[in-house]
Structures are given as structure tokens and as C-alpha cells.
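Observations on the three-dimensional arrangement
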Amino acid sequence: MSSLTEKDSPIVQLLMNTGTCPRCILRFCCVGSQELYRRPYKELMRDLREFLKNNEEKEGTVCFDEVDPPCKRIRLEHTEEGPDDLNHNGALQQIPSANDENTEMKNSVLKICNLCLGILQEFCESDFVRKVCQKVNSADYQFTSFVFSVSLPPQLSVRERAAWLLVKQEMGKLGLSLAKDDIIQLKEAYKWIIHPQLSEELGVPADGKSLFEVSVVFAHPETEEECCFLATACPDCFKPAKNKQSVFTRMAVIKALEKIKEEDFLKHFPCPPSSPKNLCVALEIQCNNGAIFVAGRYNKYSRNLPQTPWIIDGERKLESSVEELISEHLMAEFKADSFNFSSSGREDVDVRTLGNGRPFAIELVNPRRIHFTAEEMKGLQQTINNSSDKIQVRDLQLVTRSAIGRMKEGEEEKTKTYSALVWTDEAIQKEDIAFLDGIKELKLDQKTPLRVLHRRPLAVRCRIIHTMKSEYIDEHHFRLYLKTQAGSYIKEFVHGDFGRTKPNIGSLLNRTTDILELDVESVDVDWPPTLDN
Amino acid sequence: RICVITLAEAHPLLQDGKTITSINYQISANCSRLQNKVSGKSKRGAQFLTELAPLCRISSSDGEEYTIYSCIRGRLIEVNENILSNPALLQEKPSTEGYIAVVLPKFEESKSVTQGLLTQKEYEEVLSKRLNSS
């Protein structure tokens, strides 16, 4: 456990006199003991003053022992309550002389730290913790851990830099150095203090990998202008903002601070930084759960149902859609903000999807509920199936984000089988279509069909019809079963699309043909895993 | 809305006795419809057609030459190359495989283009009037 030693004394004195809070002082003394930061504010304040007093008494004595006499160490076992003696000098350039007894005893209002602007002061207290937890609990999320992310105002980095320069200068006088990286980061110290408190009140651990995020944005309007001088000093770090947000982002400010020369910095920014009149404000406390993915396979039994909502100029052309019929119930159960529906290919409005159905996945954004047992998923599946006879789902299950990739690869690589009802203008006999059964691996050249040409680029697609099987119905009708490569346009293969798909059933039979009905018989993707239901 | 340009029912080339000898998409020294290249969804690079823009010239064995016009405004998407190799297609299946060209009007003009056309019925009336007056 690291602690303060004699050589830290001038720094502690300096920072305390210039308006820095005890925890920030500990940070600049590179104290890495988390426990120390968690101690109550008043105790830390008192212990620091004690430490200073003790070192004053011993002034002049040079002592570089490994083990310092106990009186020089900051005491960790302090139990008495001292007087409220939080009195900082609101000093600017002049560094006043050592603390005098009288000022210590004075009761005064808590001075806001000039480095953390209150983050390591007020915002570590139980009041704030309670406020955050209230927000979390009222938002009604289901979670087993949390990650607490904090957004700090950029001017904190500027003030930190000023303080470092100040301390570096002082230490230089003593022949010592202080590496910037040894200083404890404000955010890190803040999390050391607040995580255990949040964890206790929420009843779950803090975990960097957690999907449940509680985020707080801090702002300090009073000092917002402090970053502006960086824009003149390092103009290329600050690109004009795309939206209305400030151009002084944390990243931009940090980048500029790395570039600016020490002398220039000191010219434009007070060192030590001034004491603020106001605390930071916690602008927003927000909760967000990572997305959840639900996958399954759907059957479509309607010839009047689009896959996604069909809306033109704000007017809905056809009632409902596959994605809405499925997502409606999922959104209600998972209590999500929104969803993203994707599937392994899709079919036209007037095409049915039979057989095992088509694989799909739905991303539920910011769900409030995340835990569902297999039983509950089964129940959800049943609910969806009971609500509509136009679609049915199966194998409904929770999957990971990476699973989507498997589904999309199915769209481009895997085969599909279809059944088409074909009409011919000129009469046919059984013998006329029998030869189709023997055609294997038929190569097609399909120009972009006219029916989609307004929204797709003009191109020629080579696709393969693997196998075919025909079933004679009458002189003008037969049923055609085909197994094709992914991405084949079946309708165009049947009617020829003005001769732009070659060969086509019409050209093979030497007749004028058209397609009356099309069904997807199977989508040959073995994902998602089949469930026993 | 995609438009397919085809020969009208009553076109001389579709009447008995006409044999097509050649179809030429080179309509001027600088412009061949065969060189039309489009790219992307918005069909950039397409030759822009006005109503009187020629698509092709067709010659018949009796020495006549017919110019086929676009009749609508829009981007030329493609011309039918199948009729170059098989001119009979144009007469056998003028409304399907024997089409001349595919044109895509501007989205905003789509409605006005459609309204400027005749329905099948209206066309038949025009034809019968023509017959009666001759």
C-alpha cells in the first residue's frame, strides 16, 4: 500500500493552498490505494492537514529512511471526528505561506476543487449514488451486472494539465520529477469510489464487459470557455462540428494538449487553475442494455403479405408484413426500443414460404428484459403462431450477434427449392414436358428483371438450375419443381422476361409461358439449430 | 416506372408481306444506341431520350426505311440486341421478345408520361377512325 511520505509534503501543501481537494491531492501524489480514496471526505481532509502539520515540525530534517516514523505517515486508523475545517485559500498565482492554526479551525463552506470541479467530492457521496440508483430502478431493466460510464467535461483535462505543470515546477525545485503517467487518472479514482457504492445499492457487481450500461454526462457551464484558447493555439485539432455539438470534444482537447508547448499553455491558462463557484452538473443519467438477438424460421402462407412494411409516400399499400407480425410480440415481451429484422433472402408479396421456413433474426435494441428460459421462448413462439394464420414461426431462440453472419452466408451460398404453377399458351402433352426432368445444372443468364430494374443496377447474372421435376396437369398447365442456386429469379426463368432471361421455360418448350403461382419449398440453410418443438 | 418500347400493332412492319432486311442502332455519326452504358441504381451515363429521339432505323426488302422513335422522355436503359441477330423476332413477337428498347423516365415525370399515353381502347378508337376516314 503506497502512502504519503515526507517528500510529498510540499506538493500536498501547494495543492491544498491552491484549492485542490484531498482526493485529487492523493492522485497527484500517485497514491494507488483504492481504499484510501473511499474514506470519508472529512477524514481525508483532516489526515492531510495532520500530515502537513507533522512535516512542518520536522522541517529542515532530511530523512530518507525506507520506513518513515509513524508520525510522518498519513494515518489510516483515525477514528475521532475532527472539526469541519475545510478552508482553502482561493489562491491564484501567489502561493501563500504555510497553514496557520486559526484558519484551520474556521468552519467554512466546502470549496469546490479546482481540478475535479466536485466530481471527487459531491459526486462520490451517497446522495448522488442514491439518485443514480433511483434512475436505474425506475427504468425497470433486467440486469445481472453493470458498467458505469462517465463523460467528463473536457476542461478537466486542461485543468489537470495546469496542475501537473505547477507540481512539476515545484518538484523540480527539490530535484525531483513527476511523470504525467504516474498521476492517478480522475476517472479511475472516481470509479474506485463509486463502483462499490453503486454495486451495493443495485445488488449486482460492476463489470467492464457488462451489457447493461449506466451512463452519466457531467458538464460545467461555468468553465466551458476554458478550452477555447486551444483552438487558437492548435487550430488543426478542432474540426468544425457536423451537428450542433461543441467542437471541443474530449478527444480533440486531449490531442491539442499533447501538441501545445508548455510556454504557450502557461501564457493562456492560469496556473494553478482557479477555484470554481459552482459544482459540476450531472446532465443526464441514462440506462442502456446491449442488444438481444432472437432467431427462428418463418413460414408464410399468405399471397398478400410483404416481408417488410409496404409504404409509399406515407401511405401503406398492403396491410401488415412478416416482420411486423413476428416482431410485435417480441417487442412487447422484451420491452425494447426498436428492432432490426433480417432474413436469409426474401420472397415476393405473392409467394408463399413452405417447408421448414426461411431463417430470420431480429435484433432487439435496448431491451428491458433479457432473461428468457427455453420454456418462455416456446411460449412466445406459440403466442406468435396463435396470433396469425398468415405466418408461423419455429425454432425461436436467443442467439448471439455473430450468428447473423451465418444467416447471411446462407442468403448467398445455399440452394433453394421452389414449386411453380406454369401456364402455356399453346397446348402441351405429358411427353412435351418430360424432358425437363433430365436437365441438370442448367446455366442461365439473367438480366436484371424489368420488374426491379427501376431500383437495381442493370447487370447480367449467371445462375444455375440444379434440378427440375415436372408434373403434368392439363394442356395448358403443369407444376414445376426446381432446385436452384441462391439469387435466381424464378418468375423470370418461367416467362423469360421479354427474352432477357436465357434460357427460360418458354424457350425450352418453344411456347409462350407464364407463371401463375410460386411457392418456396425450402431454404437449404441449416441455421438456426432445430429445436424439439 | 420502367417502360418498354415496342412496335405498335398497326405499324407497317407488322403487316403482311414485309420482310426486314436490317436493323440499325447507329442513328447518327456520333450516336449508336448500342454504345449506351448505364451504371448503378440511378442508371448514370445513360443516353437521354426525348419524344422524337430515334432509337433505330429498320429497312425492309421493298426498299422502305422506318425510323422508330422513343415517344417518351427518359434514360435509355437498353436496346434489344436479340433482334439484331434475329430480325424475325420483331415481327413474330413484337410485344414481348421483339421489343425495341427499355426506357426509364425521371421519377417526377412518371405520372405525366403515363398520362400522355393511350389505353388499348383509346388506341383502337384511333385506328378505327383512321380506317373510316381513308
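Thresholds, definitions, all that
Residues numbered from 1 in each chain as written. Chains lettered and ligands numbered in written order. Predicted model: local features only at pLDDT ≥ 70, side-chain atom pairs only at ≥ 80, totals over all residues. Heavy atoms only, no water. Axes fitted to C-alpha atoms, helices over the stretch in contact; angles between N-to-C directions. Helix = DSSP H or I, 4+ residues; strand = E, 2+ residues; numbered from the N terminus. Parallel < 35°, antiparallel > 145°, perpendicular 65-115°, else oblique. Left-handed = near helix turned anticlockwise from the far one by under 90°. Contact = heavy atoms within 4.5 Å. Nonpolar A, V, L, I, M, F, W, Y, C, P; charged D, E, K, R; others polar. Pairing = 2+ DSSP bridges. Buried area = accessible area lost by both parts, 1.4 Å probe. Salt bridge = Lys/Arg side-chain N within 4 Å of Asp/Glu carboxyl O. Polar contact = N/O pair within 3.5 Å; in protein donor to acceptor, adjacent residues only side chain to side chain. Buried < 20%, exposed > 50% of the residue type's maximum accessible area, 1.4 Å probe, protein only. Expected span 1.5 Å × (residues − 1). Arc of directions from axis to C-beta.

Residues and elements named next belong to chain A. Following both chains from N to C, one finds helix α6 (residues 126–138) and helix α8 (residues 186–202) inclined at 50°, their axes separated by 10 Å at the closest point. Put simply, α6 runs oblique to α8. The element α6 and its partner α8 pack so that their crossing is right-handed. Between α6, through S126, F128, V129, R130, V132, C133, V136 and N137, and α8, the contact on the second element is made entirely by Y190, I194, Q197, L198, E201 and L202. For the contact of α6 with α8, the per-class residue count stands at 9 nonpolar, 3 polar and 2 charged.

Residues and elements named next belong to chain B. Strand order in the open sheet made by the 3 strands is β2-β4-β5, with antiparallel pairing throughout. This sheet does not close on itself; its edge strands, each paired only once, are β2 (20–24) and β5 (65–69). Geometrically, the sheet is characterised by an average inter-axis angle of 20° between neighbouring strands, direction not taken into account.

Taken together, the contacts link 13 residues of chain A with 16 residues of chain B. Both sides of the chain A and chain B interface together cover about 1,200 Å² of buried area, and 62% of this is carbon and sulfur. Summed over the shared surface of chain A and chain B, the number is 2 salt bridges. For E78 of chain B, the salt bridge identified is with R500 of chain A, shortest N-O distance 2.6 Å. Run the count over chain A and chain B and you get 4 residue pairs in polar contact (both at pLDDT 80 or more). Looking at side-chain class alone, the side of chain A that touches chain B contains 5 nonpolar, 3 polar and 5 charged residues.

This paragraph deals with helix α1 (residues 9–17) of chain A. Residues and elements named next belong to chain A. Judged by how many residues are buried, α1 sits mostly within the fold: 8 of 9 residues are covered. All of the buried residues along α1 are S9, I11, V12, Q13, L14, L15, M16 and N17. Summarising the contacts, the buried residues of α1 are in contact with α2 (22–28), α4 (41–57) and α7 (155–173). At the exit of α1 stands G19, carrying a positive phi of roughly 100°.

Residue and element names in this part refer to chain A. In this model, helix α13 (residues 374–387) (14 residues) spans 20 Å end to end at C-alpha, consistent with the 20 Å of a helix rising 1.5 Å per residue. Those residues of α13 that sit buried are M377, L380, Q381, I384 and N385. Down the axis of α13, the buried side of the element spans an arc of 135°, and every buried residue falls inside it. Set apart from the buried face of α13 by more than 90 degrees, the exposed residues are E375 and N386.

All names here are of chain B. Here T119 is to be found in the loop between α3 (110–115) and α4 (120–133). For T119, a relative accessible area of 44% corresponds to the partly exposed category. For the pair formed by T119 and A46, sequence separation is 73 residues and the distance between their alpha carbons is 28 Å.

The next subject is the sheet that holds strand β6 (residues 74–79) of chain B. Sheet strands line up and pair through hydrogen bonds in the backbone, either parallel or antiparallel. All names here are of chain B. If you trace the 4 strands from one edge of the open sheet to the other, you get β1-β7-β6-β3, paired in antiparallel fashion. Either end of the sheet is taken by a strand with one partner, and the two such strands are β1 (3–5) and β3 (48–49). Pairing between β6 and strand β7 (residues 101–104): 4 bridges, direction antiparallel. Each residue of the ladder has a partner; that of E78, found in β7, is V102.

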